[in-house]
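So you can see what is in the structure, the chains are spelled out below.
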Amino acid sequence: MTDHKPLVVLHDHLDGGVRPATLVELATAAGVALPRDDAAGLAEWLTIRAGMTFEEAFSRFDLVVAATQTAPALRRIAREAVEDLTDDGVIHAELRFAPLNHVADGLSPDEVMAAVHAGIDDAGPGCDARLIVCAMRHLPESVSCEAAELAVRWMGGRVVGLDLAGGEIGHPAADHRRAFSIAADAGLARTVHAGEMDGVHQVRSALAHCRPDRIGHGWRLIDECEVVDGRIVSLGPTAATVRDAGIPLEICLTSNECLGTDVADHPVRLLFDAGFRITLNPDDRAITTTTARRELERAASVHGFTDVELGACAARAAQAAFLPDEQRDALVARVSAGWPVRPARLVHLAQRARWERARGQGSYLPEEWDRDGFIHLSALHQLLTPANRFYRGRDDLVALVLDAHLLGAAVVWERGSDTVERFPHLYAALTPDAVLGEYELPAGPDGGFLLPGPLVQAVRSPLGG
Ligand SMILES: [Zn+2]
């Protein structure tokens with residue numbers, strides 16, 4: 001179902017994606033002892049499995065790092081990473097790595113950066129590859145600051161962001177605050193691995209001290225959400241902050257499974273339905289044996305993501321890319337064009353009294369029509385963003401489920417206000433025969449909205465998307 005559709009990858013570690021056959025060659029040339037010296041055996045050894053400790057899992061990266069301490073080795077793995085992503089249909093990838101991990105044999109940090117840039121250039125233009133520099137949680141803040149300064153020195157071209165990676169437990173993001181200030185002051189985008197191995201407090205610490213534009217993983221936000229009958233019915237304060245600020249989550253299903261959370265138990269569907277901005281990513285292609293496309297396929301097969309929803313994840317990844325505005329807009333347009341599927345059912349939030357009056361008259365135009373010249377609609381997965389932004393706390397709204405086919409060509413997908421996301425706009429009066437049902441949208445105790453079960457059911461079944 002995802003064949004040939006353009007993908008965007010925001011979370012992919014350069015050292016986690018090295019081809020096993022390449023690693024055999026590079027380690028042998030570097031005199032690094034291998035646990036298995038054939039590509040198939042090494043591939044098996046590299047794969048992280050549930051039950052391993054974080055240290056065991058991390059030893060896979062240690063081997064890759066030991067074997068990639070020269071410029072030719074770095075150049076090669078960068079080229080191969082981009083080739084592999086291109087083959088997978090990825091048109092924009094943000095590869096991340098810790099340059100300061102590659103200076104043990106005498107390369108300077110700038111030589112490391114130059115080698116990786118050269119490798120990306122070697123790969124050709126199929127996938128627009130950018131770089132995110134990782135600071136490491138377990139290292140002192142001074143080292144993180146050095147990484148941040150390196151990233152800032154190289155920003156403006158391929159280098160687009162700073163990340164915080166490594167073991168979370170015992171190493172809060174607060175310890176790296178200065179590094180993230182360096183990045184923020186220079187206008188460099190920021191992402192932080194948080195709420196992956198450790199709890200919600202790590203996301204809180206990242207938000208407070210690193211001002212992240214995106215969160216790496218963040219799935220443990222589910223720990224402070226109340227779930228009833230397969231739906232989030234209330235959000236904790238950190239989760240509410242992340243959702244309402246629209247901070248994208250870089251979700252990595254297979255990677256989390258390797259560390260012990262079965263994909264079937266992953267809260268990706270709950271978080272998506274509650275309005276979080278979900279993007280799907282491979283994390284470590286070699287070490288977790290996955291690809292960008294496979295991550296989407298697993299979301300579809302295990303969590304029932306439709307093509308429309310996968311397209312939304314891809315478009316949201318494009319919207320969250322660390323790119324200058326114009327380039328990001330172009331990427332969003334390419335991704336949106338490549339995922340042409342429009343949902344069969346749309347939703348409009350109407351003022352109940354006004355709609356009820358209009359229903360009898362056979363034609364409905366909301367107040368906003370006079371201002372905007374169109375009626376605001378949403379795909380189901382888009383509904384919560386405008387609802388929580390513009391209508392928080394209101395109790396006079398009704399969600400109308402509409403048959404998109406009956407609305408016909410009067411629906412035009414255009415940018416919403418203050419966002420690069422495209423929303424369906426209706427350029428005609430709404431006639432009651434296009435309305436399949438009316439559903440209550442009760443505000444929660446904090447005034448925020450979540451999707452009520454009957455509304456979700458009405459949109460998704462039997463032919464919704
Ligand atoms: Zn990661």
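Residues numbered from 1 in each chain as written. Predicted model: local features only at pLDDT ≥ 70, side-chain atom pairs only at ≥ 80, totals over all residues.

Q: Mind showing me how you'd approach the overall build of the chain here?
A: Regarding its fold elements, the chain presents 19 helices and 16 strands. Evaluated residue by residue, the chain yields a buried proportion of 48% over its 465 residues. (Helix = DSSP H or I, 4+ residues; strand = E, 2+ residues; numbered from the N terminus. Buried ≥ 20, exposed ≤ 12 C-beta atoms within 10 Å, placed from the backbone.)

Q: I tried to follow the sheet that holds strand E15 (residues 422-426) on my own but got confused; where do I start?
A: Within a sheet, adjacent strands bond to each other through the backbone by hydrogen bonds, running parallel or antiparallel. One open sheet holds the three strands; their spatial order is E12-E15-E14, and the pairing between them is antiparallel. Each edge of the open sheet is held by one strand with a lone partner, namely strand E12 (375-376) and strand E14 (411-415). Here E12 runs beside E15; their pairing, made up of two bridges, is antiparallel. Within the sheet, the bridge partner assigned to His376 lies in E15 and is His425. (Pairing = 2+ DSSP bridges.)

Q: Sorry, what's going on with the domain arrangement of the chain here?
A: Many authors give the size of an interface as the accessible area that is lost as the parts come together. For the chain, the domain assignment lists domain 1 (7-338) and domain 2 (345-460). Using C-alpha coordinates to define each centre, domain 1 is positioned 36 Å away from domain 2. Contact with domain 1, which involves 20 residues of that partner, is made by 15 residues of domain 2. When contributions to the side of domain 1 that touches domain 2 are tallied by element, the ones reaching two or more residues are strand E8 (231-234), helix H9 (237-244), helix H11 (268-273), helix H13 (307-319) and helix H14 (325-338). Along the lines of polarity and charge, the residues of the side of domain 1 that touches domain 2 split into eight nonpolar, five polar and seven charged. (Domains from an automatic or database assignment. Contact = placed C-beta atoms within 7 Å. Nonpolar A, V, L, I, M, F, W, Y, C, P; charged D, E, K, R; others polar.)

Q: Even after reading the chapter, I still don't get the nonpolar core, so can you show me in this structure?
A: Within soluble globular proteins, side chains that are nonpolar tend to cluster in buried spots. In this structure, Val8, Ala151, Leu162, Ala314 and Val347 are the most contacted members of the largest nonpolar core, which totals 135 residues. Both domain 1 (7-338) and domain 2 (345-460) contribute no fewer than three residues apiece to this core. In contact with Ala151, not counting residues within four places along its chain, are Val133, Val159, Leu162, Ala183 and Leu188. (Core = buried A, V, L, I, M, F, W, Y, C linked by C-beta atoms within 7 Å.)

Q: Please explain the packing of helix H6 (residues 141-154) against helix H7 (residues 177-186) as it appears in this structure.
A: Each pair of packed helices gets described by two things: the angle between the helix axes and the distance between those axes. Where H6 meets H7, the closest approach of the two axes is 7 Å, and the angle between their N-to-C directions is 15°. Classified by the angle their axes make, H6 and H7 are roughly parallel. Where H6 crosses over H7, the handedness of that crossing is right-handed. When H6 is examined against H7, the residues Glu141, Ser144, Cys145, Ala147, Ala148, Glu149, Ala151 and Val152 are found in contact with a partner set consisting of Arg178, Ala179, Ile182, Ala183 and Ala186. Broken down by class, the residue content of the contact of H6 with H7 amounts to nine nonpolar, one polar and three charged. (Axes fitted to C-alpha atoms, helices over the stretch in contact; angles between N-to-C directions. Parallel < 35°, antiparallel > 145°, perpendicular 65-115°, else oblique. Left-handed = near helix turned anticlockwise from the far one by under 90°.)

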